[in-house]
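# Reading the structure
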Amino acid sequence: MAEQDGLESMCRRRGFLWQSSEIYGGEAGFYDYGHLGTKLLENWKKEWKDFFLGLDENYHLINTPNIYPHRVLDASGHVDHFSDVMVRCERCGASFRGDHLVEEEIGENAEWMGKEEIEEKISELELSCPECGGTFSEPKDFNMMFKVSLGPTGEKSGFLRPETAQGTYINFRREFRALRKQMPMGLATIGSAFRNEISPRQGLYRMREFLQAELQIFFLPDKHEEVFKEKFEVIKDKKIRIKRADWKDTKEVELCELEGLAPFYLFHLGKIYEFYLDVMELDPEEIRVRELSEDEKAFYNKIHFDIEMDFDTLGGWKEVSGLHYRGNYDLKQHQKESNATLSVPTEEGKKIPHVIELSFGVDRNIWSLLDSGYHSNDRDWLDLPSKLAPRQAAVFPLVRKDGLPEKSREVFKKLEKDFRVTWEKSGSIGKRYARNDEVGTRYCLTVDYDTIEDNTLTIRDIERKEQIRVSIEEMNDVLSDLIEGKKGFEDYL
Ligand code: GAP
């Protein structure tokens, strides 16, 4: 917890993120991103779009509203099924998620448990209210959607969307026609999702309003098998750390060794894994893929694997994204309830396309970067991938006199065109390094007296704390080679 407190405190002080409505005491489940947090978020979104929309020329981004009429979420099954089991303390009235109470006691995942199992466990384990020791009421299903009324008289009702996915399904027909009836067709959305979590907790992990980045791929399993086979061929030998539902432990295996999963599934699984290692630059030891059991799967999923990260600040393995094979459940439901034709013609007659969904919680992924990058030992520093870091470089004058501020300002102007860079002159040089270490600025450039003489400056690496000397003329090229990973800092020492 000390780790979580230290990171949260840094995030508040330096402008990354903090609980929303802070000056009114804060509201659980809602977070504000400050100037650095917003940059990190925007960089992550850009990399996510570049990577996943780049998987196929027929994968595209769309935007849809946050509110949907009752009918849409009734058809999708959310009105009937999108609930958690809630228990209330009969003495103090506090509400809890039943599975979380059980989980905390038994130390294993209890998300699969329904009302009856939770009631039995509460009685067997003799659980009482963590707030006041009172006894619990009978468990109830609690629907997590936020209901809203539409119009001045509230004659219509709707919901804040619990997932971005539904906006994509109800636009399938329009986009399929606009995109000249090509499949596989991918439609992605990045936007807010809203869930009235019973007990929002653990910072960005369980929020009531959060961001999702989701890509829905529409295809016909028989017809498009060859397309995905060809794509999968290129990555089939890639190794991933994975735990199947019936395995005791996590193993490292090649994708092609995984039985019972079709190429359309394996290709996207491999690519998600690659995103975590190559774009987010997470350590393979801190990422794993876990197959959900029949009881744990969401109501709409045929195959469901979660990608989990081993969080220091949140006590271990937690879900950050998922790959869901939803079959043709969603389009079938929307066709039935709207009467719109959502099937497509094939040689064997009309068929309703299937969907494979790549679903990322953006905030949880931002927390993964911060959790994994945060080091607090002899000093506090943040190890962020240069592509994602809010600041890639900082420029300082060694002292605030003798023309050094003016010279460093020229350097800043030259760098600003190519990099996310800041210029600072307040505080001592040591304080400026410390401030930038804390927010993950990988390279600090210092203009000193030698700069005036020979037009060179120092570049310091955040991790090594060592410096190299380069000329102002070549500094943009050196930085760009370092940031793009074409060269390592050690190559210049
Ligand atoms: N469209 C599928 C879907 O919404 P999900 O597993 O319910 O699937 C997808 O959510 C992702 O959204 C999760 O992997 C997680 O990263 C994120 N997420 C879900 N609930 C969240 C919450 N309360 N706070 C923050 N992120 C959440």
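This one's a predicted model, so the numbers in the text were calculated from it and none came from an experiment.

With 12 residues, helix α12 (residues 362-373) extends 17 Å from end C-alpha to end C-alpha; this agrees with the ideal 16 Å at 1.5 Å per step. Burial analysis of α12 places 11 of its 12 residues in the buried class, which makes it a mostly covered element.

For the rest of this paragraph, the subject is the sheet that holds strand β7 (residues 140-143). In spatial order, the strands read β6-β5-β7; together these three strands make up an open sheet with antiparallel pairing. The open sheet has two edge strands, β6 (95-97) and β7, and neither has a second partner. Across the sheet, the mean angle separating the axes of adjacent strands is 50° when strand polarity is ignored. Sheet topology places strand β5 (residues 83-88) next to β7; four bridges connect them, and they run antiparallel.

Looking now at the domain arrangement of the chain. Per the domain assignment, the segments making up the chain are domain 1 (4-71 + 152-373), domain 2 (83-143) and domain 3 (391-492). Look at where the C-alpha atoms of domain 1 and domain 2 centre, and you get two points 28 Å apart. Contacts between the two partners involve nine residues from domain 1 and, on the opposite side, 11 residues from domain 2. Summed over both sides, the interface between domain 1 and domain 2 buries roughly 870 Å², with carbon and sulfur atoms accounting for 51% of that surface. Counting across the domain 1 and domain 2 interface gives two salt bridges. Two residues, Arg 97 and Glu 197, come together in a salt bridge whose shortest N-O distance is 3.7 Å.

All chains considered together, the criterion is met by 23 aromatic pairs. Here the aromatic rings of Phe 172 and Phe 218 are separated by 4.8 Å at their centres, their planes lie at 40°, and the arrangement is tilted. With Phe 172 in helix α8 (residues 172-178) and Phe 218 in strand β11 (residues 209-219), this residue pair connects regions lying 46 residues apart in the sequence. Each ring, one from Phe 275 and one from Phe 360, has its centre 5.9 Å from the other, and the planes form 85°; the classification is edge-to-face. Of this pair, Phe 275 sits in helix α10 (residues 263-279) while Phe 360 sits in strand β19 (residues 354-361), and the two are 85 residues apart along the sequence. Looking at Phe 360, the relative accessible area reads 0%, which means it is buried. Three or more aromatic residues link up through ring pairs in this structure, and these residues are Trp 44, Trp 48, Phe 51, Phe 52, Phe 275, Tyr 276 and Phe 360. Positioned over the ring face of Trp 247 is Lys 251, at 4.2 Å from the centre of the ring. The lysine or arginine in question, Arg 364, covers the ring of Tyr 205, its NZ or CZ lying 3.7 Å from the ring centre.

The rules behind the values
- Residues numbered from 1 in each chain as written.
- Predicted model: local features only at pLDDT ≥ 70, side-chain atom pairs only at ≥ 80, totals over all residues.
- Heavy atoms only, no water.
- Helix = DSSP H or I, 4+ residues; strand = E, 2+ residues; numbered from the N terminus.
- Expected span 1.5 Å × (residues − 1).
- Buried < 20%, exposed > 50% of the residue type's maximum accessible area, 1.4 Å probe, protein only.
- Pairing = 2+ DSSP bridges.
- Axes fitted to C-alpha atoms, helices over the stretch in contact; angles between N-to-C directions.
- Domains from an automatic or database assignment.
- Contact = heavy atoms within 4.5 Å.
- Buried area = accessible area lost by both parts, 1.4 Å probe.
- Salt bridge = Lys/Arg side-chain N within 4 Å of Asp/Glu carboxyl O.
- Phe/Tyr/Trp six-rings, centres within 6.5 Å; stacked < 30°, edge-to-face > 60°.
- Lys NZ or Arg CZ within 6 Å of the ring centre and 35° of its normal.

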